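Now for the letters of each chain:
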Amino acid sequence: MRAAAALLVLLPGLAMGQEGRAVFEARCASCHAMEAGAPPGPGPNLAGLAGRRVGGDQAFGYSPALEAARAEGRTWDSALLERFLSDPDAMFPGLWMGENGLREAGDRAAVARFLTGPTAPR
Ligand code: HEC
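Keep in mind that what you see is a predicted model, and the values were worked out from it rather than measured.

Undergrad: For the side chain of His32, give the residues involved together with the corresponding values.
TA: You can see His32 is positioned in the loop between helix 1 (2-27) and helix 2 (64-71). On the basis of relative accessible area, His32 is assigned to the buried category, the value being 13%. Excluding residues within four positions of it along the chain, His32 makes contact with Phe24, Gly43, Pro44, Leu46 and Met97.

Undergrad: Give me the lowdown on the coordination of the iron atom of the ligand, citing residues and values where you can.
TA: Six octahedrally arranged donors around a metal ideally form angles of 90 or 180 degrees; four tetrahedrally arranged donors ideally form angles of 109.5 degrees. Around the iron atom of the ligand, the donor atoms from the protein are His32 (NE2) and Met97 (SD), and they sit 1.9 to 2.2 Å away. Here the iron atom of the ligand binds 6 donor atoms, and the angle range of 84 to 179 degrees at the metal identifies the geometry as octahedral. Here Met97 lies in the loop between helix 4 (88-91) and helix 5 (105-116) and His32 lies in the loop between helix 1 and helix 2, a separation of 65 residues in the sequence. In this structure Met97 comes out as partly exposed when scored by relative accessible area, which is 21%.

Undergrad: Mind laying out the environment of Ala36, listing which residues take part and the relevant values?
TA: With respect to the helices and strands, Ala36 occurs in the loop between helix 1 and helix 2. Taking C-alpha positions, Ala36 is 5.9 Å from Arg122, a pair spaced 86 residues apart along the chain. Other than its neighbours up to four places away in sequence, Ala36 contacts Ala47 and Arg122.

Undergrad: Can you break down the nonpolar core residue by residue, with the values?
TA: Counting residues in each nonpolar core, the largest one holds 25 residues, and the members touching the most others are Trp76, Leu81, Phe84, Phe92 and Leu115. Sorting the residues of this core by element identifies helix 1, helix 2, helix 3 (78-86) and helix 5 as the ones contributing at least two each. The residues contacting Leu81, other than those within four sequence positions of it, are Leu49, Trp76, Ala112, Leu115 and Thr116.

The rules we used
Chains are numbered independently. Their residues run from 1 in the order of the written sequence. In keeping with the model being predicted, local features are shown solely for residues with a pLDDT of at least 70 and side-chain atom pairs are shown and tallied solely at 80 or more, while totals for entire chains, interfaces and linings include all residues. As a convention, hydrogens and water are excluded, and side-chain values are obtained from all of the structure's heavy atoms. Helix and strand assignments come from DSSP, with helices taken as H or I runs of at least 4 residues and strands as E runs of at least 2, each series counted from the N terminus. Burial classification: accessible surface area is computed with a 1.4 Å probe over protein chains only, and a residue below 20% of its type maximum counts as buried, one above 50% as exposed, and the rest as partly exposed. When checking whether two residues touch, look at their non-hydrogen atoms; a contact exists if any pair is within 4.5 Å. Only nitrogen, oxygen and sulfur atoms qualify as donors, and only when within 2.8 Å of the metal (3.2 Å in the case of Na, K and Ca); with water excluded, sites may look incomplete. Each label reflects the angles at the metal, where four donors whose angles all fall between 85 and 135 degrees are tetrahedral, four or six donors whose opposite pairs open beyond 155 degrees and whose other angles stay between 65 and 115 are square planar or octahedral respectively, and the rest are irregular. Residues enter a nonpolar core if they are buried and are Ala, Val, Leu, Ile, Met, Phe, Trp, Tyr or Cys, with the set joined through side-chain atoms within 4.5 Å.

Below, the structure written as structure tokens:
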């Protein structure tokens with residue numbers, strides 16, 4: 001019973017993670033690596049994003065906009081990520097990520113879950 005209940009809690013999360021992976025691969029992976037220790041590409045590596053400082057990939061040279069956010073000590077979580085992806089430039093004016101947010105709220109939630117949830121790459 002317990003295991004069944006745990007599965008019921010876990011499965012929708014896993015499904016969201018898979019959906020998020022598909023969106024990530026289509027819309028983000030061309031610029032962002034997400035395997036721990038992989039070198040950054042055109043954008044920073046996003047492995048271990050949950051709880052990581054904004055601007056926290058030490059191998060990546062960020063814009064002044066993200067350097068300033070880093071100095072404020074902000075950290076990523078799923079809520080911040082969803083808000084960021086709805087309009088990245090509005091959150092960090094001068095960002096170098098351009099118009100690469102996600103228009104659909106469902107896509108934003110799925111990608112946030114994929115990048116910060118229990119099955120996220122560390
Ligand atoms: C065309 C390349 C490109 C695409 C596509 C792209 N990004 Fe980015 N992303 C960047 C760059 C470049 C930065 C660093 C921006 C800066 O320094 O201002 C960045 C920064 C970020 C950050 C902040 C990371 C940190 O270390 O604080 C997150 C989170 C992020 N992107 C998520 C995403 C997600 C999720 C997607 C897909 C929906 C995506 N990006 C699509 C280029 C891209």
